[in-house]
Amino acid sequence: MEKLLTLQEELTEAKVKLVAVSKTHGPEAILRLYREGQRDFGENRVQELLEKQPVLPADIRWHLIGHLQTNKVKYVVPFVHLIHAVDSPKLLFEIDRRAEAIGRVIPCLLQFKIAEEESKFGLSWEEATQLLEDPRFPELKHVLIAGVMGMGTLTDDEAQTRREFRTLKRYFDQLKSTFFPDSDSFRELSMGMSDDYHLAIEEGSTMVRIGSLLFGERE
Ligand SMILES: *Cc1c(COP(=O)(O)O)cnc(C)c1O
């Protein structure tokens, strides 16, 4: 697992957190990284996460990085560490409701649509500000908006990826100064994957989500 160690060193130097994206890989592969000290793992599908979580060490911090349907919120709320993909008010309200029922506060990131290509999920700037200005928002005591997340276009065009990452960084800065000026909790900029994490770090990422570089290509 030299790759993990090299990557961890590189990220520590840059003060960037690593989420190891373990989707499609089984418990054994996850344990290999766990034994090397990795504790943050990311899954994009709820069903898959629910199969792995109970058979793996309890101190793993599970990140849900994919789209979350409101009817599945109740399954992840008891243990999830960070939900990266909040893309609607409805979802945020449901997370709050389910978290309140079990006495947890769930850190969440607002997912933005930054890819210039068609992508299904993510908020626009207008949608995000509407959500934060909603008079009901301050009443949500069981979610904590911890920052933003986005995915760049899958492309070899570095300039395009950089533009998209810059847009997300700008959103992050604007939300911070407008809505969370005194909050220490609003601090994560989740951007960068195996192919573009160097660019993401140069553009201000605080948390990268890396799968294939660590686990090998997926089927
Ligand atoms: C799969 C996935 C990643 C990791 O992708 P790699 O290219 O394997 O590093 C990161 N973020 C999200 C949301 C993903 O679904």
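Preceding this paragraph is the structure being described.
Keep in mind that what you see is a predicted model, and the values were worked out from it rather than measured.

Q: Explain the packing of aromatic side chains here, please?
A: Each pair of aromatic rings is reported with the distance of its centres and the angle of its planes. Enumeration according to the criterion identifies five aromatic pairs in this entry. Ring plane angle 45° and centroid distance 6.2 Å describe the contact between F41 and W62, whose orientation is recorded as tilted. Here F41 is found in strand β2 (residues 40–43), whereas its partner W62 is found in strand β3 (residues 61–64), with 21 residues between them in sequence. Seen in terms of ring centroids, F180 and F186 are 4.4 Å apart; in terms of plane orientation they differ by 10°. Their pairing is stacked. The class for F180 is buried, based on a relative accessible area of 11%. Assessed through its relative accessible area of 1%, F186 is described here as buried. Every member of this aromatic cluster is reached through a ring pair, and the members are F112, W125 and Y171. Stacked on the ring of Y34, the Lys or Arg R39 has its end atom at 3.6 Å from the ring centre.

Q: I would appreciate a short explanation of the pattern of salt bridges in the present structure.
A: Any two side chains of opposite charge can pair, on the condition that their charged atoms come close. Within this structure, the stated rule accounts for 15 salt bridges. The partner of E43 in a salt bridge is K52, and the shortest N-O contact between them spans 2.8 Å. Relative accessible area serves as the criterion here: at 0%, E43 is assigned to the buried category. A salt bridge links E203 to R166; its shortest N-O distance comes to 3.0 Å. Of the two residues, E203 sits in the loop between α8 (197–202) and β8 (207–210) while R166 sits in helix α7 (residues 158–179), which places them 37 residues apart along the sequence. Residue classification places R166 among the partly exposed positions, given a relative accessible area of 49%. Where salt bridges share partners, they join E43, R45, E48 and K52 into one cluster.

Q: Can you help me understand the nonpolar core in this one?
A: Across soluble globular proteins, nonpolar side chains have a tendency to be buried as a group. Core analysis: the largest hydrophobic core is formed by 61 residues, its most contacted members being L68, L92, I95, L110, F112 and L214. Leaving out residues up to four positions away in the same chain, L68 has contacts with V46, V73, V76, I83, L91 and I95.

Q: Quick question: what am I supposed to make of the pairing of β3 here?
A: Two strands pair when backbone bridges link them, and β2 and β3 are joined in this way by four bridges, in the parallel orientation. Bridge pairing in β3 links D40 to R61. Taking the sense of rotation as the criterion, the β-α-β connection linking β2, helix α3 (residues 46–52) and β3 turns out right-handed.

Q: For this particular structure, what's the right way to read α7?
A: Think of an α-helix as 3.6 residues a turn; residues three or four steps apart then line up on the same face. Taking 1.5 Å of rise per residue, the 22 residues of α7 would be expected to cover 32 Å, and the 31 Å separating its terminal C-alpha atoms lies within 8% of that figure. Taken together, the buried residues of α7 touch β5 (106–112), α6 (125–133), β6 (143–150), β7 (188–190) and α8. Measuring from the side-chain oxygen of the N-cap residue of α7 to the backbone nitrogen of A159 gives 3.1 Å; that N-cap residue is D157.

Q: Got a minute to help me understand the pairing of strand β1 (residues 17–21) in this structure?
A: Taken across its five residues, β1 has four buried, putting it largely inside the fold. In the sheet, β1 pairs with β2 via two bridges, with the strands oriented parallel. Bridge assignment links V21 to a residue of β2, and that residue is G42. Chirality of the crossover, the property in question, places the unit of β1, helix α2 (residues 27–35) and β2 among those that are right-handed.

Cut-offs applied
- Residues numbered from 1 in each chain as written.
- Predicted model: local features only at pLDDT ≥ 70, side-chain atom pairs only at ≥ 80, totals over all residues.
- Heavy atoms only, no water.
- Phe/Tyr/Trp six-rings, centres within 6.5 Å; stacked < 30°, edge-to-face > 60°.
- Helix = DSSP H or I, 4+ residues; strand = E, 2+ residues; numbered from the N terminus.
- Buried < 20%, exposed > 50% of the residue type's maximum accessible area, 1.4 Å probe, protein only.
- Lys NZ or Arg CZ within 6 Å of the ring centre and 35° of its normal.
- Salt bridge = Lys/Arg side-chain N within 4 Å of Asp/Glu carboxyl O.
- Core = buried A, V, L, I, M, F, W, Y, C linked by side-chain atoms within 4.5 Å.
- Contact = heavy atoms within 4.5 Å.
- Pairing = 2+ DSSP bridges.
- Right-handed = clockwise from strand over helix to strand, strands pointing away.
- Expected span 1.5 Å × (residues − 1).
- Polar contact = N/O pair within 3.5 Å; in protein donor to acceptor, adjacent residues only side chain to side chain.

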